[in-house]
Amino acid sequence: MIWLRQPSLNMSVIIDNHLPNQQEHPLARDYVILMKENPDEAHQVLTDALQVEPDNVQLNHLMHEHLKTKRDLAGLKNHGNHFLRFLLNSGHEKESVEVFTNIQELDPNYKMND
């Protein structure tokens, strides 16, 4: 897992490279630039990409960090329900704990929907 820190944006971006045969998603590189130029467009681009690739770990990590950075609790909880389920079902327990903890930092009463 690679963390790209962007102090000027007060954010970090996660790129998950630890999965076998996984190459960096083209959007991962462009996201930081797009986020700086137009955060609303960055959100829409991630949303559109996740509609095409809903189980892409890199895109989901980017969306999670994007929503966390924006402090969009409703979006983070909504996205978290899908992302946590995906991580748990694909054997990524450690990552699911990190995602769950991130959401609970903003909402201590958060529970994943069944």
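In this report, we go over the structure that sits alongside the text. (Residues numbered from 1 in each chain as written. Predicted model: local features only at pLDDT ≥ 70, side-chain atom pairs only at ≥ 80, totals over all residues. Heavy atoms only, no water.)

Describing helix H4 (residues 73-89)
Definition in use: Helix and strand labels come from DSSP, where a helix needs a run of H or I of at least four residues and a strand needs a run of E of at least two; each type is numbered from the N terminus. Helix span is expected to be 1.5 Å times the residue number reduced by one. What we call the bend at a residue is the angle made by axes fitted to the seven residues finishing there and the seven residues starting there. Each residue is assigned to one of three classes by its accessible area relative to the maximum for its type, calculated with a 1.4 Å probe on protein chains only: buried under 20%, partly exposed between the two thresholds, exposed over 50%. Only heavy atoms matter for contacts: two residues are in contact if any of them lie within 4.5 Å across the pair.
For H4, with 17 residues, the first-to-last C-alpha span of 24 Å sits near the 24 Å given by 1.5 Å per residue. At Gly80, H4 shows its largest bend, some 30°. Listing the buried residues of H4 in full gives Gly75, Leu76, His79, Gly80, Asn81, Phe83, Leu84, Phe86 and Leu87. Turning to H4, the residues buried within the fold contact helix H2 (39-52), helix H3 (57-70) and helix H5 (93-106). Among the residues trailing H4, Gly91 stands out with phi positive, at a value near 80°.

A few points about the pattern of salt bridges
In plain terms, the rule: We define a salt bridge as a side-chain nitrogen of Lys or Arg found within 4 Å of a carboxyl oxygen belonging to Asp or Glu.
Applying the stated criterion to the full structure yields two salt bridges. As a salt-bridge pair, Glu65 and Lys68 come within 3.5 Å of each other at their nearest N and O atoms. Note that Glu65 and Lys68 are positioned in helix H3 at a spacing of three residues, about one turn of the helix. Overall, Glu65 belongs to the buried group, its relative accessible area being 3%. On the basis of relative accessibility, which here comes to 23%, the residue Lys68 falls in the partly exposed class. Residue Asp107 is joined to Lys77 by a salt bridge in which the shortest nitrogen-to-oxygen separation is 3.0 Å. Taken together, the positions of Asp107 in the segment after H5 and Lys77 in helix H4 put the pair 30 residues apart, joining distant regions of the chain.

Shape descriptors only; they carry no functional weight alone.
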